[in-house]
Amino acid sequence: MGTDLHELLRSLRVWDPEVTTLPAFDPTTAPADPLPLFTTWFADVVAAGQTEPHTMSLATSDAEGRPDVRTVMLHGADADGWSFATHVTSRKGAQLTARPYAALGFYWPVHGRQVRIRGPVTAAPSGQGQADLHARSTGALAAALTGRQSEVLTSLDELARVSQAAWERAQGEPEAPVPSWTLYRLRPQEVEFFQGDVRRQHVRLVYRREEDTWARELLWP
C-alpha cells in the first residue's frame, strides 16, 4: 500500500511545543535598520540549535517573467546587502542576468520565525567572488570546479568521473580559479520579519527603504 500524502499532512503538528519555542517579539523595540534585527534573530536560532539556519530560498524569474525558486546558502549580510554565490552560467545566474531582481526567504521553525527580503541584485567584482570561493571548503571549490551547473547530465558515472577530477584538483590547487563563479548581493528594498503565534496572532513587521532611511509598519497576519 502506498503512502497517503493527505493522511501524512493531517498527522503533522505545527510548532510542536516539544521542539519549538515561540519567543515574544515586540516590534516597538525593533531597531531602525533591518540588518541588526536579522543578525539578532540569526544568532538566536543558531543558539537554539536550528539546523542549517544559513540556508534560504532564492526566488528569481526568467526572461519571460516566469518564477523560479531553489534553496541556496547565505554567504554574508552587511551594509551592501545579503550575499550568495553561483555560476553566472547556471540557470539562476542566467535569470539574474536577464532580470537582476530577486527575493530571499528564511524559515527557522525552531522559533517559528521567517524573514523575507526583496530587492535588486548586482554581481560583485570577480576578485571578490574568487576570494569568497577560496575561503570556503575544499568540497565547495571542487563543486565549483566541476562546473556545468544546470546543464543536462548524461549519466551518474560521468558525474562521478568529473567530480573526482575536480576533488583532486581542489586538493592540490586550493587557489584554482573558477571564472564563472560569481558572488551576488541583493540590496534590500523591503525586509519582513514574521514571528509565529500559536493562536495565529502572528506579528509581521516590514521595513521599506525610502532613500537613505527605512520606514516601518505592521501587517495583518
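Quick caveat, the model's predicted, so the values are computed rather than measured. (Residues numbered from 1 in each chain as written. Predicted model: local features only at pLDDT ≥ 70, side-chain atom pairs only at ≥ 80, totals over all residues. Heavy atoms only, no water.)

### Some thoughts on the overall build of the protein
Part 1: A count of helical and extended segments in the protein gives six helices and ten strands.
Part 2: When the backbone C-alpha atoms are referred to their principal axes, the protein occupies close to 60 × 55 × 40 Å.
Part 3: Counting every position in the protein, which comprises 221 residues, the buried fraction comes to 38%.
Part 4: Look at the contacts in the protein between residues 6 or more apart in sequence, and 65% of them connect residues 24 or more apart.
Part 5: As displayed, the protein offers around 13100 Å² of accessible surface, 54% of which is attributable to carbon and sulfur atoms.
Part 6: In the protein, 22 side chains carry a positive charge and 27 a negative one; their mean positions are 4 Å apart. (Helix = DSSP H or I, 4+ residues; strand = E, 2+ residues; numbered from the N terminus. Buried < 20%, exposed > 50% of the residue type's maximum accessible area, 1.4 Å probe, protein only. Contact = heavy atoms within 4.5 Å. Areas by Shrake-Rupley, 256 points an atom, 1.4 Å probe, with all protein chains shown as cover. Lys, Arg positive; Asp, Glu negative; His and termini not counted. Charge placed at Lys NZ, Arg CZ, Asp CG, Glu CD.)

### Structural notes on the pattern of salt bridges
Part 1: On inspection of all chains with the given rule, the structure shows 14 salt bridges.
Part 2: In this structure, Glu64 engages Arg66 in a salt bridge whose closest nitrogen and oxygen atoms are separated by 3.1 Å. With respect to class, Glu64 is no different from Arg66; both count as exposed.
Part 3: Arg208 is paired through a salt bridge with Glu217; the nearest N and O atoms lie 1.8 Å apart.
Part 4: A single salt-bridge network, built from bridges that share partners, covers Arg118, Glu190, Arg208 and Glu217. (Salt bridge = Lys/Arg side-chain N within 4 Å of Asp/Glu carboxyl O.)

### Here we look at the side chain of Asp132
Part 1: On the secondary structure map, Asp132 appears in helix α4 (residues 126–134).
Part 2: No salt bridge is formed by the buried Asp132; the nearest opposite charge belongs to Arg136, separated by 5.1 Å.
Part 3: Those residues in contact with Asp132 that lie beyond four places of it in its chain are His75, Ala85, Trp181 and Leu183.

### With respect to the nonpolar core
Part 1: Membership of the largest hydrophobic core comes to 29 residues, with the highest contact counts inside it found for Phe84, Phe106 and Val115.
Part 2: The biggest single contributor to this core is helix α2 (residues 34–47), with five residues.
Part 3: Filtering out sequence-adjacent residues up to four positions away, Val115 remains in contact with Phe38, Trp41, Leu104, Gly105, Phe106, Trp108, Val191, Glu192 and Phe193.
Part 4: If you look at the next biggest cluster of nonpolar residues, it comprises 13 residues, including Ala85, Leu133, Ala142 and Leu183. (Core = buried A, V, L, I, M, F, W, Y, C linked by side-chain atoms within 4.5 Å.)

### Concerning unusual backbone geometry
Of all residues except glycine, most have a negative phi; of all peptide bonds, most are trans.
Part 1: Its identity is not glycine, yet Arg148 carries a phi of approximately 60°, on the positive side.
Part 2: Note on placement: Arg148 falls in the loop between α5 (138–146) and α6 (156–172).
Part 3: Its relative accessible area of 46% is what places Arg148 among the partly exposed residues.

Everything listed here is a matter of coordinates, which is why it stays silent on function.
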